Amino acid sequence: MRAVVMHAPGDVRVEDVQKPVIVEPTDAVIRVTAACICGSDLWPYRGVEKQDGPTQMGHEYIGVVEQVGDQVKDTAVGDFVVGSFVASDNTCEICRAGFQSRCIHQVMMGAIGTQAEYARIPLADGTLVKVPGEPTEAQVRSLLAASDVLGTGWFAAVAAQAGPGKTVAVVGDGAVGLLGILAARRLGAERIIAMSRHADRQALARRFGATDVVEERGEAGVARMRELTGGYGAHSTIEAVGTQESMMQAIHSTRPGGHVGYVGVAHGVELDGMDLFFSTVSLLGGPAPVRRFLPELIDLIMTDQIDPGAVFDLTLPIEEAAEGYRAMDERRATKVLLTL
């Protein structure tokens, strides 16, 4: 089968690899109908995150179940499914508490690679959610977003306690930040301030529900945020980048007693104890428990209440995956969908 393989920073190829098979009795194998490139895939692409040899890429996926293991009971051959970027049993104590991305038996789908024609899904009954009916082309794009970036943005908004009467700040205008805006609006936030310097992303931010845009970064961005909120700062802040600057901007943009939902994969982030102490904010984040939200998100998508698929601004066949990586790396694309 065809699969995207990263050999080294900047070196992405589409190669023929062995088709996956059932390994554990709780596995399923799906035919991937669409995949995409994630902002987190750019960390190894840029050489920031080291890899040990050629690596099959991807962790976002939708598809049709082709085969199931002997212990799979709730997932059937022929089901059209969406799964989280983290496989989970959805039954352990951590899962039942709503943190399936830290399941005691978790498997990171990035270690399997889903930018491919087929993928093995561990813990299929706990990971996959069946989509009812026949999705339209637009709904298919949105369902793919639900596999990671929509669910991650949603978790960030929930972790930041976005809701009615709240002012929400969003640090990061990539796909996750943009869909964090959509989530905050859906959760009832009164005001959503997007921190963005890019006109195309600002336009999409406003489409998703942003009421204000701040172009300044760092302490200048914090000062502008304070100015817009009468000196108080945001009630809720979404951090969707993962750098030292973005984390500090998020914490300092939040009023005392506020909440920060951080979902940017952290690289080089260090928190000063005294700074954090006097910020008086709550921090909650990490890998998003997408599985917690999938049933609700699928329903919202299939009833056309939300359109997160609008975040895909470049669609390419899987054979052109290398161009997709380049386009995202050079910020010519926000998020790339790969067709199979």
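On a predicted model such as this, the values are computed, not experimentally measured, just so you know.

Analysis parameters
Residues numbered from 1 in each chain as written. Predicted model: local features only at pLDDT ≥ 70, side-chain atom pairs only at ≥ 80, totals over all residues. Heavy atoms only, no water. Pairing = 2+ DSSP bridges. Helix = DSSP H or I, 4+ residues; strand = E, 2+ residues; numbered from the N terminus. Axes fitted to C-alpha atoms, helices over the stretch in contact; angles between N-to-C directions. Contact = heavy atoms within 4.5 Å. Phe/Tyr/Trp six-rings, centres within 6.5 Å; stacked < 30°, edge-to-face > 60°. Buried < 20%, exposed > 50% of the residue type's maximum accessible area, 1.4 Å probe, protein only. Lys NZ or Arg CZ within 6 Å of the ring centre and 35° of its normal. Polar contact = N/O pair within 3.5 Å; in protein donor to acceptor, adjacent residues only side chain to side chain.

Visitor: Could you clarify how one ought to interpret the sheet that holds strand β13 (residues 212-214) in this entry?
Guide: Hydrogen bonds between backbone atoms are what pair the strands of a sheet, whose relative direction is either parallel or antiparallel. A sheet is described by the order of its strands in space; here six strands give the open sequence β13-β12-β11-β14-β15-β16, paired in parallel fashion. The sheet terminates laterally at β13 and β16 (282-285), the two strands that pair on one side only. Taking the axes of each pair of neighbouring strands and ignoring which way they run, one obtains an average angle of 20° across the sheet. Relative to β16, strand β15 (residues 254-262) runs parallel, the two being bridged by four bridges. Residue H259 lies in a different strand from β16, and its bridge partner there is S282. Packing of helix α9 (residues 244-252) onto the sheet brings it into contact with β11 (167-171), β12 (191-195), β14 (234-239), β15 and β16, and relative to β15 it is tilted by some 140°.

Visitor: Can you help me understand the sheet that holds strand β2 (residues 11-16) in this one?
Guide: The antiparallel open sheet is built from three strands, whose spatial order is β2-β1-β4. The sheet is open, and its two borders are formed by β2 and β4 (55-56), each paired with just one other strand. As paired elements, strand β1 (residues 2-8) and β2 share six bridges and run antiparallel to each other. Bridge pairing links A8 to D11 in β2.

Visitor: Please clarify how the packing of aromatic side chains should be interpreted in this entry.
Guide: In this structure the tally under the stated criterion is three aromatic pairs. The interplanar angle of 90° and the centroid separation of 6.4 Å between the aromatic rings of F99 and F155 together place this pair among those described as edge-to-face. Of this pair, F99 sits in the loop between α2 (93-96) and β8 (107-108) while F155 sits in helix α5 (residues 149-159), placing them 56 residues apart in sequence. By relative accessible area, F99 is classed as partly exposed at 30%. On the basis of relative accessible area, F155 is assigned to the buried category, the value being 2%. Lying over the aromatic face of Y118, K19 brings its terminal NZ or CZ to 4.1 Å of the ring centre. The aromatic ring of F99 is capped on one face by R292, whose charged end is 5.2 Å from the ring centroid.

Visitor: Sorry, what's going on with the side chain of S101 here?
Guide: Looking at where S101 falls in the secondary structure, it is placed in the loop between α2 and β8. Look at S101 and you get buried, because its relative accessible area is 1%. Of note is the side chain of S101, whose polar atom sits 2.6 Å from the backbone oxygen of P287.

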